There are 2 protein chains.
Amino acid sequence: MVLEAVQRLPAETTHTADAHGRVLAEAIVSQRTLPPFDVSAMDGYAVRCADLAGASKSAPVALRVAFEVAAGAAPDRAVAPGTAARIFTGAPVPPGADAVVRQEDVARDGDRALFALAPPAGDNVRPAGEDVRAGETVLESGTRLGAGALGVVASLGRSVVAVHQRPRVAILSGGDELIEPDGDPAGGRIVSSNSYSIAAQCREAGAEPVYLGIARDRPEELERLLRAGLSSHVIVSSAGVSVGDRDYVRPVLEKLGCELIFWGVRIKPGFPLVFGRFGGSTDGPFVFGLPGNPVSAMVTFEEFVRPALRKLAGHRRCFRPRVDAVLGEPLRKPTGRMHLVRVTLARRDGRLVATSTGNQSSGVLRSMALAHGLLPFAADATELPAGAPVQVQLLDDEILAAEDSGL
Amino acid sequence: MVLEAVQRLPAETTHTADAHGRVLAEAIVSQRTLPPFDVSAMDGYAVRCADLAGASKSAPVALRVAFEVAAGAAPDRAVAPGTAARIFTGAPVPPGADAVVRQEDVARDGDRALFALAPPAGDNVRPAGEDVRAGETVLESGTRLGAGALGVVASLGRSVVAVHQRPRVAILSGGDELIEPDGDPAGGRIVSSNSYSIAAQCREAGAEPVYLGIARDRPEELERLLRAGLSSHVIVSSAGVSVGDRDYVRPVLEKLGCELIFWGVRIKPGFPLVFGRFGGSTDGPFVFGLPGNPVSAMVTFEEFVRPALRKLAGHRRCFRPRVDAVLGEPLRKPTGRMHLVRVTLARRDGRLVATSTGNQSSGVLRSMALAHGLLPFAADATELPAGAPVQVQLLDDEILAAEDSGL
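Residues numbered from 1 in each chain as written. Chains lettered and ligands numbered in written order. Predicted model: local features only at pLDDT ≥ 70, side-chain atom pairs only at ≥ 80, totals over all residues.

Caption draft 1: Structural context of the overall build of chain A. The number of helices and strands found in chain A is 7 helices and 28 strands. Each principal axis of the C-alpha atoms in chain A carries an extent, and together these give about 95 × 50 × 40 Å. Counting only residues that meet the buried cut, chain A has 53% of its 407 residues in that class. Pairs at least 24 residues apart make up 71% of the contacts formed inside chain A by residues separated by at least 6 positions. (Helix = DSSP H or I, 4+ residues; strand = E, 2+ residues; numbered from the N terminus. Buried ≥ 20, exposed ≤ 12 C-beta atoms within 10 Å, placed from the backbone. Contact = placed C-beta atoms within 7 Å.)

Caption draft 2: Local environment of the nonpolar core. By size, the foremost hydrophobic cluster in this structure holds 184 residues, and its most contacted members are F288(A), L309(A), V392(A), F288(B), L309(B) and V392(B). When residues no more than four places from it in sequence are discounted, the contact partners of F288(A) are V234(A), V236(A), V274(A), F275(A), F304(A) and V305(A). (Core = buried A, V, L, I, M, F, W, Y, C linked by C-beta atoms within 7 Å.)

Caption draft 3: Highlighting the interface of chain A and chain B. Across the contact, 94 residues belong to chain A and 95 residues belong to chain B. Those elements giving two or more residues to the side of chain A that touches chain B turn out to be β11 (137-139), α2 (147-155), β15 (190-191), α3 (194-204), α6 (294-312), β22 (322-327) and α7 (366-370) of chain A. Of the residues contributing to the side of chain A that touches chain B, the split by class is 40 nonpolar, 28 polar and 26 charged. (Nonpolar A, V, L, I, M, F, W, Y, C, P; charged D, E, K, R; others polar.)

Caption draft 4: Quick look at the confidence of the model for chain A. Scored by pLDDT, chain A has a mean of 91; 96% of the residues are at 70 or more. Interface confidence in the predicted complex, given as ipTM, is 0.91; pTM for the same model is 0.92. (pLDDT = per-residue confidence, 0-100.)

Caption draft 5: Representation of the environment of D397(A) within the structure. Tracing the chain through its elements places D397(A) in the segment after β28 (389-394). When the C-alpha atoms of D397(A) and S192(A) are compared, they prove to be 28 Å apart, with 205 residues separating the residues in sequence. Discounting chain neighbours no more than four positions away, the residues touching D397(A) are P321(A), P321(B), L394(B) and D397(B).

Caption draft 6: Expanded view of the relation of the copies chain A and chain B. Under the fitted operation, chain A is carried onto chain B by 0.0 Å of movement along the axis and a turn of 180°, and the coordinates agree to an RMSD of 0.1 Å. Taken together, the rotation and translation relating the two chain copies correspond to the operation of a two-fold axis. When each C-alpha of chain A is compared by its distance to the rotation axis, D397(A) comes out closest, at 3.6 Å. Of all interface residues in chain A, 100% are interface residues in chain B too; the two copies therefore contact each other through one and the same surface. (Least-squares fit on C-alpha atoms with pLDDT ≥ 70 in both.)

Caption draft 7: Representation of the packing of α2(A) against helix α3 (residues 194-204) of chain B in the model. Packing of α2(A) against α3(B) brings their axes to within 7 Å, and their N-to-C directions diverge by 160°. With respect to α3(B), the axis of α2(A) lies roughly antiparallel. In this structure, the crossing between α2(A) and α3(B) has a hand that is right-handed. Only N194(B), Y196(B), S197(B), A200(B), Q201(B) and E204(B) of α3(B) make contact with α2(A), whose side of the interface consists of A147(A), G148(A), L150(A), G151(A) and A154(A). By residue class, the composition of the contact of α2(A) with α3(B) is 5 nonpolar, 5 polar and 1 charged. (Axes fitted to C-alpha atoms, helices over the stretch in contact; angles between N-to-C directions. Parallel < 35°, antiparallel > 145°, perpendicular 65-115°, else oblique. Left-handed = near helix turned anticlockwise from the far one by under 90°.)

Caption draft 8: A look at the domain arrangement of chain A. Along its sequence, chain A is organised into domain 1 (12-34 + 133-164), domain 2 (39-126), domain 3 (168-312) and domain 4 (322-400). Distance from the C-alpha centre of domain 2 of chain A to the C-alpha centre of domain 4 of chain A: 62 Å. (Domains from an automatic or database assignment.)

Caption draft 9: Up close: helix α6 (residues 294-312) of chain B. Residue and element names in this part refer to chain B. The largest bend along α6 reaches roughly 45° and is located at F301. The buried count for α6 comes to 19 of 19 residues, which makes it a mostly enclosed element. Two residues or fewer after α6 comes G314, characterised by a positive phi angle close to 100°. (Bend = angle between axes of the 7 residues up to and from the residue.)

Caption draft 10: Geometry of the sheet that holds strand β8 (residues 106-109) of chain B. All names here are of chain B. Reading across from one edge, β7-β4-β6-β5-β9-β8 is the order of the 6 strands in this open sheet, with mixed pairing throughout. The outermost strands of the open sheet, each flanked by one partner alone, are β7 (99-102) and β8. Between one strand axis and the next, the sheet turns by 40° as a mean value, whatever way the strands run. When strand β5 (residues 61-69) meets strand β6 (residues 83-87), the two strands line up parallel, connected through 5 bridges. Bridging across to β6, R64 finds its partner in T83. (Pairing = 2+ DSSP bridges.)

Caption draft 11: Structural detail: the environment of G135(A). Residue and element names in this part refer to chain A. With respect to the helices and strands, the residue G135 is situated in the loop between β10 (125-126) and β11. Classification of G135 as exposed rests on a count of 10 C-beta atoms within 10 Å. When the C-alpha atoms of G135 and R32 are compared, they prove to be 7.5 Å apart, with 103 residues separating the residues in sequence.

Caption draft 12: View of α2(A). Across the 9 residues of α2(A), 9 count as buried, placing the element largely inside the fold. Among the residues making up α2(A), those that are buried are A147(A), G148(A), A149(A), L150(A), G151(A), V152(A), V153(A), A154(A) and S155(A).

Caption draft 13: Summary view of unusual backbone geometry. Following L34(A), the chain continues into P35(A) via a peptide bond in cis, with omega recorded as -15°. Within the secondary structure, P35(A) is located in the loop between β2 (28-29) and β3 (39-40). Here the amide bond leading from K268(B) into P269(B) is cis, since omega sits at 0°, within 30 degrees of zero. Inspection of the secondary structure assignment puts P269(B) in the loop between β19 (267-268) and β20 (274-277). Unlike most non-glycine residues, D349(A) shows phi in positive territory, near 50°. D349(A) gets classed as exposed once you count the C-beta atoms within 10 Å, which come to 6.

Caption draft 14: Quick peek at the sheet that holds strand β13 (residues 168-174) of chain B. All names here are of chain B. One open sheet accounts for 6 strands, arranged β16-β13-β17-β21-β20-β18; its pairing is mixed. One side of each edge strand has no neighbouring strand; the edge strands of this open sheet are β16 (208-215) and β18 (259-263). Averaged over all pairs of adjacent strands, the angle between strand axes in this sheet comes to 20°, irrespective of strand direction. As paired strands, β13 and β16 are joined by 7 bridges and run parallel to one another. When the sheet's bridge partners are listed, I171 is paired in β16 with Y211.

Set out below in structure tokens:
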């Protein structure tokens, strides 16, 4: 339902240097042929293969070095029969020459060069257009601009590029018991850590978090903060979405004209989740009312908010990577709700073994700090035996790398 | 040799809000117990279980609601026998009460509440210290601050935190043929795309790139840019590291007092790689002279520079994640050098299938834009048959996720 409601954001123009991780909103069609002419792949000598047809170690052939071609120079002189041209990596192969011999294979003596081998035609030459031809579509619209794609865009002389807008996410928390980290915890006040973890989750999803602050348990304060969030693409509120006397999120959303798309999902942690949209169209802003418990807020963000942000940004793949693992211990639960079990992963005998992070209470934020992934445990299932094959949603792919630094 | 030469950088203090992805340079020891007292996990009623011992649907028990406890209030009143207290999620459970009954299970009538069940002791109560106890080490030094860990740090009231410094990387390119993307490509000049791809690779590794520009093929210009890079932790230069007449990197490095640790590795692409350090200590700056070919530069960055940057930043896992795959087509090569084959990955019948991106010429940057990973093909091997089990270094874990957005 979330992915159906959300469409990718319109395009904007950004500097190529700032476009890392963004999604192309245009096809990149090359105006250039690259390399523009045959270029040397080595430092050496441009030769005519016919001149060296019989060359060998025992019968080397000498050619006069007639001129030199540097990289960045246009090829304006031809290699005449019986001569060679000194050439450098990236320099255009001059007319007449049809191969380059590496300098390591050439003995130089004044203006003469001695060749001990007969190169095949095209040796050490990168032909014109090997990388790209003018008019060719080099990257499709919808491509994620990773490091390699970014280099390709730059190599075509494009210093700006059209990408889908980056979703801006307004974050707010609700509750009289909440303080900022530097606040006084006396009287049982607790730090509103959700703004930290949710902002980090936004960044991991490629979105831009904007923190609006803590709404006290009064409808007018919640309304003020929600209004401030209306200029964002997405509003993420945590706490205040249950059915308690002081849970004002739903009535305030309705007062502001929000269309509620769903309310409540059969998962644990995270049952009391709200998803809605303002404006009666697919333009948003969209609003997610997450539970206040730090773990519930993080898990529902992963399952519902992250896919929405990824689709808004134009990505084709919106969910976390999934890896196959086997369960390291039995898991049990009642039927009724899907559980999203926080698990660690370890490599054992060439397989990944998933183990619960321990106490799965939704108040225990450490379970998310320790977790490498989330293991969906189906709503109608009650038991997963040790050794069962499972699929884990990866929160951090670092675990798939070897521990190697010696730190 | 790179990981032996490089040690993690010293600590610096940063705002918790800016610490995402950094590595802790201190153990986080809690000054607080969380929750600080027993708190309610639900909106409902705090009760004494003994009062409701016999309660059932057919024989509900009524209790007088004596007072109300909001979240953020200190527990200053006790629940007397025969009474209950209205309570909200996150509020302290008042003395006397030993369980909370969810409001959904209670019928309210004026100042009386009707209970149709007998809760077990501790029901819907999060005990004091369930998450953290004062004095406990919550996160070890060396922990990577992901979203969950960041939330934990904030929840302990820490608005600043000690992390290892983020490596600063000075990037420069060398060559008379190079232009910036907006430059005139006439005469065979080519865009210095390496500065774009290498800057993106630095960011992916958690480092901060600083672009110094293009050094023309004169030793004094290279020296000027290298000197400008000496205040960084790492200098990454591309091009000019071969043995050509105009490859000044090595002599200029030696003139500047750089200790060369190695020169040349038996890999393809990327043979002419230089690694050295200034200052004769482990403090750096370290210098990597990468080949000029865009693909060679990117591949050698992945294999050599990235692990160094990760170790400098304090990470335990420095290499890319590795996944098991089977080869989709046979691969052949001569002996002598390890090849790092750019491959795409696709899921087929529950397995990952690795296929070459096509033309593996080191000039074809598109091979890196398309690649999901790098496949090491051992130096002494000549053939890998189709179907062979291989390990692929993942450049982008997105491929492990389902294609799901409908875009």
